[in-house]
Amino acid sequence: MNQITSPAGGGKARLNVLLAGPRGFCAGVDRAIKIVEEAIRRYGAPVYVRHEIVHNRFVVESLERQGAIFVEELDEVPDDAPVVFSAHGVPKSVPTEATRRNLFYLDATCPLVSKVHREAEQHFARGRHILLIGHAGHPEVVGTMGQLPEGTVTLVEDEAQARLVAVPTERPLAFITQTTLSVDDTAGIVAVLRDRFPAIHAPAKEDICYATTNRQAAVKAIAQRVELMVVVGAPNSSNSLRLVEVAERAGCPKAVMVQRGRDLDLGLTAGLASVGITAGASAPEVLVEEVLARLAEHFDITIEEVVVAEERITFKLPAGLQQA
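Residues numbered from 1 in each chain as written. Predicted model: local features only at pLDDT ≥ 70, side-chain atom pairs only at ≥ 80, totals over all residues. Heavy atoms only, no water.

Enquirer: Tell me about unusual backbone geometry, residues and numbers included.
Expert: Cis geometry is adopted by the peptide bond preceding Pro22, which originates at Gly21 and carries an omega value of 5°. With respect to the helices and strands, the residue Pro22 is situated in the loop between strand E1 (13–21) and helix H1 (27–43). That bond from Ala45 to Pro46 is cis: its omega, 0°, falls within 30 degrees of zero. Within the secondary structure layout, Pro46 lies in the loop between H1 and strand E2 (47–50). Positive phi outside glycine occurs at Asn102, with the angle close to 60°. (Helix = DSSP H or I, 4+ residues; strand = E, 2+ residues; numbered from the N terminus.)

As structure tokens, then:
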């Protein structure tokens, strides 16, 4: 990122800013955005996108300026227009309907979400009833549950539900999880399920994605060193909401979410000596720079970046969009 420094002096109070690393875009989000941009470049505007491609208004509005049109359902897409499915994944009924209408579609589902879809299908094929740990109504949960017939997946949102959930007694059980959950919360839910159902089948590899895990670990690494944690993200972004919760649970006195630098209430920073900043996996780094610039207007800031993991993962674009 571009370092932002404040001129010394001028009566400004000093503020130490700790930047959590990793933060911001993950490989799945980066891929989804590139799919929309490349589709516009290759096929021309407009390109339709079912639901927000990722949960960030800045990103959505940027793509709209390039020629993307965001819709809620396929019935809003003209027959001759390309359509992209969001990074969160979709129920099987969506590509089925697109195929029925002969729509040209591109699936931007994060490969790590697709991995959970495949797990669900494999459990179903082996006769297991599936418990999905996740948040009701989240697009990823809707998409995952929509991979299988109704009644074959039961949603579990918290430990209280895990203690009470009713399951078929004649079928073996398995659990899968949404990819953007709190690592600690999920561990508690899984512990309850394992205690109740010792034979329950677990994912071969953790379903919570590397980006979610790394961003939460980075927040934990700085939470007790700062007086305020600023999470750059969107209120409908599960992984961003979890970062606020993780910061407070890890010992930070206060954590807030902002969508843009201008949204930061500077009254919260009055008298503080230290602030932490992170960003959800769908928030671009330019929005972190906005927060830093806003702080630099009022403080003499120093920046320390605390990195807990290096991320080098990339995902290929769909075959139809790869460069020749």
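Enquirer: I'd like a description of the nonpolar core, backed by residues and values.
Expert: Counting residues in each nonpolar core, the largest one holds 27 residues, and the members touching the most others are Val36, Ile53, Leu63 and Val84. When residues of this core are traced back to their parent elements, those giving at least two are H1, E2, helix H2 (57–66), strand E3 (68–71) and helix H8 (210–223). Among the elements that take part in this core, H1 stands out by supplying eight residues, more than any other. Leaving out residues up to four positions away in the same chain, Ile53 has contacts with Ala32, Val36, Val59, Leu63, Phe70, Val84, Phe85, Ser86, Ala87, His88 and Ala108. (Core = buried A, V, L, I, M, F, W, Y, C linked by side-chain atoms within 4.5 Å. Buried < 20%, exposed > 50% of the residue type's maximum accessible area, 1.4 Å probe, protein only. Contact = heavy atoms within 4.5 Å.)

Enquirer: Give me the sheet that holds E1: which residues, what numbers.
Expert: Spatially, five strands are ordered E10-E9-E11-E1-E12 in an open sheet, and the strand pairing comes out parallel. Two strands bound the open sheet, and with one partner strand each, they are strand E10 (255–258) and strand E12 (299–307). Going from strand to strand, the sheet's axes swing by 25° on average, the running direction of each strand aside. Here four bridges tie E1 to strand E11 (residues 274–279), and the two strands are oriented parallel to one another. In the strand pairing of E11, Leu18 is matched with Gly276. Packing of H8 onto the sheet brings it into contact with E1, strand E9 (228–232), E11 and E12, and relative to E1 it is tilted by some 150°. Where helix H9 (residues 238–249) meets the sheet, it contacts E9, E10 and E11, and its direction lies at approximately 160° from that of E10. (Pairing = 2+ DSSP bridges. Axes fitted to C-alpha atoms, helices over the stretch in contact; angles between N-to-C directions.)

Enquirer: Give me the lowdown on H1, citing residues and values where you can.
Expert: Helix length check: H1 (17 residues) gives 24 Å between terminal C-alpha atoms against 24 Å at 1.5 Å per residue, within 8%. Listed in full, the buried residues belonging to H1 are Ala27, Gly28, Val29, Arg31, Ala32, Ile33, Ile35, Val36, Glu38, Ala39 and Ile40. Gly44 sits one or two residues past H1 and shows a positive phi near 85°. (Expected span 1.5 Å × (residues − 1).)

Enquirer: Lay out the packing of H8 against H9 in plain terms, naming residues and giving numbers.
Expert: Between H8 and H9, the least distance of the axes is 9 Å, while the angle of their chain directions is 25°. It follows that H8 is roughly parallel to H9 by the angle criterion. The two elements H8 and H9 meet at a crossing, and its hand is right-handed. Residues Thr212, Arg215, Gln216, Val219, Lys220 and Ala223 of H8 lie in contact with H9, whose contacting residues are Asn239, Arg242, Leu243, Val246 and Ala247. Considered class by class, the residues forming the contact of H8 with H9 number five nonpolar, three polar and three charged. (Parallel < 35°, antiparallel > 145°, perpendicular 65-115°, else oblique. Left-handed = near helix turned anticlockwise from the far one by under 90°. Nonpolar A, V, L, I, M, F, W, Y, C, P; charged D, E, K, R; others polar.)

Enquirer: For the sheet that holds E3, give the residues involved together with the corresponding values.
Expert: Overall, parallel pairing links the four strands, which are arranged E3-E2-E4-E5 in an open sheet. Each end of this open sheet is capped by a strand with a single partner; those strands are E3 and strand E5 (105–107). Ignoring strand direction, the axes of neighbouring strands in this sheet form an average angle of 25°. Examined bridge by bridge, E2 and strand E4 (residues 83–85) share three bridges and lie parallel to one another. Pairing of Val49 across the sheet is with Val84, part of E4. Packed on one face of the sheet, H1 meets E2, E3, E4 and E5 and runs near 160° to E5.

Enquirer: I'd like a description of the side chain of Ser182, backed by residues and values.
Expert: Relative to the elements of secondary structure, Ser182 occurs in the loop between strand E8 (173–177) and helix H7 (183–196). Given the relative accessible area of 4%, Ser182 is considered buried. When sequence neighbours within four positions are dropped, the list of residues in contact with Ser182 reads Ile208, Gln216, Arg242 and Arg249.

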